[in-house]
Amino acid sequence: MASSTTPEWSNSLPTPLFEGLLPKVAVVLELTQKAEGTATPMAKQALLQATNDFKYTLAQAKDYASTLAGGDILVEEQDTVLAMLEILKQHKQQQLIQFASEVGSLSTIAIPNASSKMEVDSTASTPFASGGQF
């Protein structure tokens with residue numbers, strides 16, 4: 001779920017946010033595996049604090065991941081889109097190769113003498129005025 005405020009990491013990948021998840025879950029697991037467990041009020045408080053810290057960080061990571069572009073499509077759909085883009089890329093490359101070969105062949109036959117001058121008919125390029133007069 002995206003929040004209404006823009007997070008500080010909206011333009012870059014918040015690597016520390018994701019890297020911080022594993023140590024936080026490790027702290028929760030360590031606290032649950034201690035010999036005293038949750039027998040004392042201090043142990044219960046430490047476990048509650050560690051659990052809440054992990055849940056808050058996990059919620060932030062989920063929020064960020066859900067707002068990533070393309071994050072709403074499945075991996076299979078992404079693979080399909082990538083395959084279609086590869087086919088399109090190959091098709092465009094073939095078109096460019098064909099175009100380049102056609103342009104190359106035109107330049108050798110178009111003007112055999114590049115220094116020849118073209119004669120221009122000035123009346124052919126004069127616009128025709130209304131009423132038949134110039």
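Whatever comes next refers back to the structure up there.
Worth saying up front: this structure is predicted, and the values here are computed from it rather than measured.

Caption draft 1: Summary view of the pattern of salt bridges. Under the counting rule described, the total for this entry stands at 1 salt bridge. Ionic pairing is found between Lys24 and Asp53, a salt bridge with its closest N-O pair at 3.1 Å. Note that Lys24 is positioned in helix H2 (residues 21–33) and Asp53 in helix H3 (residues 41–66), a separation of 29 residues in sequence.

Caption draft 2: Layout of the packing of H2 against H3. Two elements in contact, H2 and H3, have axes whose closest approach is 9 Å; the angle formed by their N-to-C orientations is 155°. Taken together, the axes of H2 and H3 lie roughly antiparallel to each other. When the axes of H2 and H3 are compared, the crossing they make is left-handed. Residue-level inspection shows Leu21, Lys24, Val25, Val27, Val28, Leu31 and Thr32 of H2 in contact with H3, the latter providing Ala46, Leu47, Ala50, Thr51, Asp53, Phe54, Thr57, Leu58 and Ala61. Along the lines of polarity and charge, the residues of the contact of H2 with H3 split into 11 nonpolar, 3 polar and 2 charged.

Caption draft 3: Molecular detail of the nonpolar core. Counting residues in hydrophobic clusters, the biggest one holds 8 residues: Leu17, Leu21, Val28, Leu31, Leu47, Ala50, Phe54 and Ala61. Per-element tally for this core: the top contributor is H3, with 4 residues. Other than its neighbours up to four places away in sequence, Ala50 contacts Val27, Val28 and Leu31.

Calculation rules
- Residues numbered from 1 in each chain as written.
- Predicted model: local features only at pLDDT ≥ 70, side-chain atom pairs only at ≥ 80, totals over all residues.
- Heavy atoms only, no water.
- Salt bridge = Lys/Arg side-chain N within 4 Å of Asp/Glu carboxyl O.
- Helix = DSSP H or I, 4+ residues; strand = E, 2+ residues; numbered from the N terminus.
- Axes fitted to C-alpha atoms, helices over the stretch in contact; angles between N-to-C directions.
- Parallel < 35°, antiparallel > 145°, perpendicular 65-115°, else oblique.
- Left-handed = near helix turned anticlockwise from the far one by under 90°.
- Contact = heavy atoms within 4.5 Å.
- Nonpolar A, V, L, I, M, F, W, Y, C, P; charged D, E, K, R; others polar.
- Core = buried A, V, L, I, M, F, W, Y, C linked by side-chain atoms within 4.5 Å.
- Buried < 20%, exposed > 50% of the residue type's maximum accessible area, 1.4 Å probe, protein only.

Read these as layout, nothing more, since geometry by itself doesn't imply function.
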